[in-house]
Amino acid sequence: MILTLRLAWRNLWRHARRTWLTIGAMVFSNVLLVFMISFQFSVYDLMINNSLRAFSGHMQVQAPGYIDDGSMRQTVAEIVPLASRLRQDFPDADIAARASGFVLASSEQRSYGIAVYGVEPAFEPSASSIPGLVTDGRFVESGDEVIIGTVLARNLRVSVGDELTMLGSGRDGSFAAAVMTIVGIFDSGIPDLDRSIAEIPLATFQEVFYMRGSGHQIVINAPTIDSASDYRQRIRALLPDDLELHDWTALQPGLKQAITADLSSSFFVYGVLVILVAFSVLNTGLMSVLERTREFGILMALGIAPGRLGRLVLLETALMGAIGILLGALLGGILTAYFGVTGFVVPGMEEMAVRFNLPARLYPGISVVTLFAGPFVVFLVSILATLYPAFRLNRLQPVEAMRAA
Amino acid sequence: MSAVRCVDVCKTYRQGDEDIHALDHVSIEIANGGFVCLSAPSGGGKTTLLNAIGGLDVPDSGEIYIDEQRIDNLNKGELAALRLQKIGFVFQAFNLIPVLSARENVEFVMQVQGVAADKRRSLAMSILDEVGLGGLEERRPAEMSGGQQQRVAVARAIVSRPALVLADEPTANLDSKTSDELMELFTELNTHHRTTFIIATHDRRVMSYAKRLIKMLDGRIVDDIAQA
């Protein structure tokens, strides 16, 4: 085997320039793949974390059907004790209960329809990033306090200390009304949130909307997005059967669709890149087999089976591919690490950045998957591209091959 | 027991509108330890016969036996295995693998045969010494003269002690002194190891070394002479 390896290695350097050109194509595509996949996955992580951390969480406990209908009457009974019990069972997770409804919010000058959320003042700051994004005033603590987003404050022409009148309907269909004092204004960076929601203490919400101790959502954030599915299984096992537990893909289908759509279009581009490399490898493989037809004829005459010669050609490509993986992963890793430190501004990504609460400067991170997935695919496709020239050797007749120039 | 037996072997090529009878009902038998020269003018059929005996070319009809094993009906893989185990080839052009050294060229076939690394190394070194290339083992073909390359090719052909060596114009690219040295090497191997040699040639000096001379013309055997 070592001699075959040595033979394959030396064969590569018979035409060093051609070999380097082929390896160069592999390295170039591998560097691009490593950087782009690392960048892309980092953006997805940010999109998921920032979007979910902002409000919806990794998962939510809800009453059956609430996710589709959002009806005031689809409630989780005794929601505060249930959230408290989950917090005891999962101390590493951030868990907070909420209730929500729609109201007409009116200032002295204007009125807007908004969603109002009753939140647990003690636990909401760890479950959602909104309390931490209060830029003016403070988060709600108790009583008739409310925080609203910057856009809504601007639209209603109100500021901290002003009163906000809320009119809506309670759980039993009765008229619900309250006059709240604005104690804080938040700026999440997500226009939809800043325009259309208000948060009040859960106890006040339950009183105003006749909730009788119930609520609508228990928001749960696992320590990391990767551990979310594990937490989901364990939490599901503890919940009563009449409650549903939805993960983020159900809570924010738009986010998942955006990621899936972006992945699909990217994979198309990656596919084109890999196919171009495959043709370069195929060209090299065919050339190298054709120009060695006579040599292969001799080897066959000596009793070397065509299959073994085919394996030799595949081994030559595998060696080029291995160099391509090593150099590609190394250079791609260095490039990604560099931008991981200095950051990277993607032109034209402003709209996506606003929608998914991304920072203007992105810092791609590297993982084993992002470092080797692309180069490994290039390696496999290169081997596949060499199968054709390798199989051609099976058709070679020793006598005719030896007559080749 | 015969080393090679051909029974009524025919091979026809189509060239334009004309059928060329490269082998026309050829029957020969060569005993173990034979030293035979096939002589014919160009196109006389000697290379075709050599290729058919070596399983490189399949005859249209007739039967070919190596060590009494019929080979004309074997498939590609079986023929390759037969050549690997039983037949050594020496070609007119030396046909070495250019990127391997003399020793590695000799070792390569043994590696395919499954000979252990240390054993094949020592065998290669000793056979290269035997063909007079001691000290040149690590040279690559491009760094050797034609005669030296042909010796490497011979060493490669005989290193695994095949029962049969087929040589096609082995001296065509060598000067007369080197040719004589090569033929003396063949004679020695034939005498000491009882290796059967079949050499296709039209070189009279080469023919003079043979114990038996088979003359061909237009694909037929026209003369079969035992020589002293």
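Above this text you will find the structure in question.
Residues numbered from 1 in each chain as written. Chains lettered and ligands numbered in written order. Predicted model: local features only at pLDDT ≥ 70, side-chain atom pairs only at ≥ 80, totals over all residues. Heavy atoms only, no water.

1. Let's talk about the overall build of chain B
1) Next: For chain B, the count of helices and strands is seven helices and ten strands.
2) Next: For 228 residues, the compact-globule formula gives about 17 Å, and the C-alpha radius of gyration of chain B, at 17 Å, lands near that figure.
3) Next: Taken along its principal axes, the extent of the C-alpha atoms in chain B is 50 × 40 × 35 Å.
4) Next: Expressed as a percentage of its 228 residues, the buried residues of chain B come to 55%. (Helix = DSSP H or I, 4+ residues; strand = E, 2+ residues; numbered from the N terminus. Rg over C-alpha atoms; globule rule 2.2 N^0.38 Å. Buried < 20%, exposed > 50% of the residue type's maximum accessible area, 1.4 Å probe, protein only.)

2. Digging into the sheet that holds strand β5 (residues 69-70) of chain B
Residues and elements named next belong to chain B.
1) Next: Read across the open sheet, the four strands follow the order β2-β1-β4-β5; overall the sheet is antiparallel. Among the strands making up the open sheet, the edge pair consists of β2 (18-31) and β5.
2) Next: By the bridge criterion, ten bridges tie strand β1 (residues 2-15) to β2 in an arrangement that is antiparallel. From the neighbouring strand, Arg-14 faces β2, where its bridge partner is Asp-19. (Pairing = 2+ DSSP bridges.)

3. Considerations on the interface of chain B and chain A
1) Next: Counting from both sides, the interface comprises 27 residues of chain B and, opposite them, 27 residues of chain A.
2) Next: A buried area of about 2300 Å², summed over both sides, lies between chain B and chain A, and 62% of it is on carbon and sulfur atoms.
3) Next: The interface formed by chain B and chain A includes two salt bridges.
4) Next: For the side of chain B that touches chain A, the secondary structure elements donating two or more residues are α2 (76-86) and α3 (102-113) of chain B.
5) Next: Among the elements that take part in the side of chain B that touches chain A, α3 of chain B stands out by supplying seven residues, more than any other.
6) Next: When its residues are assigned to classes, the side of chain B that touches chain A shows 14 nonpolar, four polar and nine charged. (Contact = heavy atoms within 4.5 Å. Buried area = accessible area lost by both parts, 1.4 Å probe. Salt bridge = Lys/Arg side-chain N within 4 Å of Asp/Glu carboxyl O. Nonpolar A, V, L, I, M, F, W, Y, C, P; charged D, E, K, R; others polar.)

4. Focus on the side chain of Gln-113 of chain B
Residue and element names in this part refer to chain B.
1) Next: Relative to the helices and strands, Gln-113 resides in helix α3.
2) Next: Residue class for Gln-113 comes out buried when judged on its relative accessible area of 18%.
3) Next: Side chain to side chain, Gln-113 and Ser-160 meet in a polar contact 3.2 Å long. (Polar contact = N/O pair within 3.5 Å; in protein donor to acceptor, adjacent residues only side chain to side chain.)

5. Quick look at the packing of aromatic side chains
1) Next: Enumeration according to the criterion identifies 13 aromatic pairs over all chains in this entry.
2) Next: Arranged with centres 6.2 Å apart and planes meeting at 15 degrees, the rings of Phe-35 of chain A and Phe-39 of chain A form a pair that is stacked. Of this pair, Phe-35 of chain A and Phe-39 of chain A both sit in helix α2 (residues 16-56), separated by four residues, roughly a single helical turn. Phe-39 of chain A matches Phe-35 of chain A in its accessibility class, with the two residues each being buried.
3) Next: Joined through ring pairs, the aromatic side chains of Phe-35, Phe-39, Tyr-338 and Phe-339 of chain A make up one cluster.
4) Next: Across from the ring centre of Phe-123 of chain A, 3.3 Å away, lies the NZ or CZ of Arg-87 of chain A, which sits over that ring.
5) Next: Over the aromatic face of Tyr-65 of chain B sits the side chain of Arg-5 of chain B, whose NZ or CZ is 4.3 Å from the ring centroid. (Phe/Tyr/Trp six-rings, centres within 6.5 Å; stacked < 30°, edge-to-face > 60°. Lys NZ or Arg CZ within 6 Å of the ring centre and 35° of its normal.)

6. Here's the deal with the sheet that holds strand β7 (residues 164-168) of chain B
Residue and element names in this part refer to chain B.
1) Next: Within the open sheet, the six strands sit side by side as β6-β7-β8-β3-β9-β10. Their pairing is mixed. Among the strands making up the open sheet, the edge pair consists of β6 (87-90) and β10 (220-226). Ignoring strand direction, the axes of neighbouring strands in this sheet form an average angle of 15 degrees.
2) Next: Sheet analysis places strand β3 (residues 35-39) next to strand β8 (residues 196-201), joined by five bridges and oriented parallel. When the bridges of β8 are listed, Phe-35 appears paired with Phe-197.
3) Next: Running over the sheet, helix α1 (residues 46-53) touches β3, β6, β7, β8 and β9 (212-217) and is turned about 150 degrees from β7. (Axes fitted to C-alpha atoms, helices over the stretch in contact; angles between N-to-C directions.)

7. Describing the nonpolar core
1) Next: The biggest cluster of nonpolar side chains holds 76 residues, and the ones touching the most others in it are Phe-296 of chain A together with Val-4, Leu-49, Ile-53, Phe-108 and Ile-198 of chain B.
2) Next: Once residues within four sequence positions are removed from consideration, Val-4 of chain B is found in contact with Ile-28, Glu-29, Ile-30, Ile-53, Tyr-65, Ile-66, Leu-164 and Ile-198 of chain B. (Core = buried A, V, L, I, M, F, W, Y, C linked by side-chain atoms within 4.5 Å.)

8. A few points about the environment of Arg-139 of chain B
Residue and element names in this part refer to chain B.
1) Next: Along the chain, Arg-139 falls in the loop between α4 (117-130) and α5 (146-158).
2) Next: Remark: the alpha-carbon pair of Arg-139 and Glu-104, spanning 35 residues in sequence, is separated by 9.6 Å.
3) Next: Excluding residues that lie within four positions of it along the chain, Arg-139 makes contacts with Ser-101, Ala-102 and Met-144.

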